[in-house]
Amino acid sequence: MSYHSNFRQDKCWSCEFFSGQREYNHGLFGDSVRTSDKGICKCDRSQHRDKPVYEHEWCSRYQKWGVLQSTIAQKHAEQEILEMQHRAQRTSTPVKAETAAERAARIKLAQKIMKVAVIACAAMFGLGLLIGLGAYLVSVLMM
């Protein structure tokens, strides 16, 4: 007995015409198929018709087992739905409109910042003026 989890693998174990023992399992870490090592090919068009085949063989008449085909299609559809939902969430992020109260608070904050900036500039100008006046007086008195 073997376990297979790669459902895209095109081997006898995953072929519609493989008549060996097969059991689909839903597992905690993913789905798998438990198969017998050997089975009989039931494909009318295959050169292996009614002959023993091993699970890892393959032929040109391969056809995906219907159970796996529907599982692959379902998982693909679920993945597309998730991608569309993520795309919709990214593109439809609502832009929050500024309320009148938020705008008034932003303007008040800007006015306070401007007052502090003007006071700082005036203080720097006054300090520069005092230093310049002091230097002038020192130079005049030294003469």
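Up top is the structure these notes are about.
Described below are features of the structure shown in this document. (Residues numbered from 1 in each chain as written. Predicted model: local features only at pLDDT ≥ 70, side-chain atom pairs only at ≥ 80, totals over all residues. Heavy atoms only, no water.)

**Digging into the overall build of the chain**
Here's step 1: Across its full length, the chain holds two helices and five strands.
Here's step 2: The linear arrangement of helices and strands in the chain, starting from the amino end, is β-β-β-β-β-α-α.
Here's step 3: The globule rule puts the C-alpha radius of gyration for 143 residues at 15 Å, and the 40 Å found for the chain is more than 25% above it.
Here's step 4: Structurally, the chain occupies a C-alpha span of about 125 × 45 × 30 Å along its principal axes. (Helix = DSSP H or I, 4+ residues; strand = E, 2+ residues; numbered from the N terminus. Rg over C-alpha atoms; globule rule 2.2 N^0.38 Å.)

**Considering unusual backbone geometry**
Here's step 1: Phi angles above zero are rare outside glycine, and Asp50 is one such case at about 60°.
Here's step 2: Position of Asp50 relative to the elements: it lies in the loop between strand E4 (38-40) and strand E5 (52-54).

**Description of the sheet that holds strand E1 (residues 2-4)**
Here's step 1: Reading across the sheet, the three strands line up as E1-E3-E2 and stay open at both edges, with antiparallel pairing between neighbours. Each having just a single partner strand, E1 and strand E2 (22-25) make up the two edges of the open sheet. For this sheet, the mean angle separating the axes of adjacent strands, direction not counted, is 25°.
Here's step 2: Relative to strand E3 (residues 32-35), E1 runs antiparallel, the two being bridged by three bridges. Bridged to His4 within E3 is Val33. (Pairing = 2+ DSSP bridges. Axes fitted to C-alpha atoms, helices over the stretch in contact; angles between N-to-C directions.)

**Describing the pattern of salt bridges**
Here's step 1: In this structure the tally under the stated criterion is seven salt bridges.
Here's step 2: In this structure, a network of salt bridges that share partners links the residues Lys42, Asp44, Arg49 and Asp50. (Salt bridge = Lys/Arg side-chain N within 4 Å of Asp/Glu carboxyl O.)

**Points about helix H1 (residues 66-91)**
Here's step 1: Under the 1.5 Å per step criterion, the end-to-end length of H1 is 37 Å for 26 residues, consistent within 8% with the ideal 38 Å.
Here's step 2: Among the residues of H1, Leu68, Thr71 and Ile72 are the ones counted as buried.
Here's step 3: Looking at the buried positions of H1, the neighbouring elements they touch are E2 and E3. (Expected span 1.5 Å × (residues − 1). Buried < 20%, exposed > 50% of the residue type's maximum accessible area, 1.4 Å probe, protein only. Contact = heavy atoms within 4.5 Å.)

**Some words on the packing of aromatic side chains**
Here's step 1: For the coordinates displayed, the defined rule picks out one aromatic pair.
Here's step 2: Residues Phe7 and Tyr24 carry aromatic rings whose centres are separated by 5.7 Å and whose planes lie at 45° to one another, so their mutual orientation is tilted. Of the two residues, Phe7 sits in the loop between E1 and E2 while Tyr24 sits in strand E2, which places them 17 residues apart along the sequence.
Here's step 3: Across the ring face of Trp65, the terminal group of Arg22 is positioned such that the distance to the ring centre comes to 4.1 Å. (Phe/Tyr/Trp six-rings, centres within 6.5 Å; stacked < 30°, edge-to-face > 60°. Lys NZ or Arg CZ within 6 Å of the ring centre and 35° of its normal.)

**Overview of a nonpolar patch on the surface**
Here's step 1: On the surface, a nonpolar cluster with roughly 540 Å² of combined accessible area is contributed by Leu133, Tyr136, Leu137, Val140 and Leu141.
Here's step 2: Within the element layout of this structure, Tyr136 appears in helix H2 (residues 100-141). (Patch = residues over 30% accessible without salt bridge, like charges linked within 9 Å, V, L, I, M, F, W, Y side chains within 5 Å. Areas by Shrake-Rupley, 256 points an atom, 1.4 Å probe, with all protein chains shown as cover.)

**Observations concerning the side chain of Ser2**
Here's step 1: Relative to the assigned elements, Ser2 resides in strand E1.
Here's step 2: At 2.7 Å, the side chain of Ser2 forms a polar contact with the side chain of Glu55.
Here's step 3: Sequence-distant contacts of Ser2, defined by excluding residues within four places in its chain, comprise Val33, Arg34, Thr35, Asp37 and Glu55. (Polar contact = N/O pair within 3.5 Å; in protein donor to acceptor, adjacent residues only side chain to side chain.)

**Section: the pairing of E2**
Here's step 1: Bridging between E2 and E3 involves four bridges; their strand directions are antiparallel. Within E3, the position partnered with Tyr24 by the bridge is Val33.
Here's step 2: A loop of six residues connects E2 with E3, the two strands running antiparallel in sequence, and Gly30 in this loop sits at a positive phi of about 130°.

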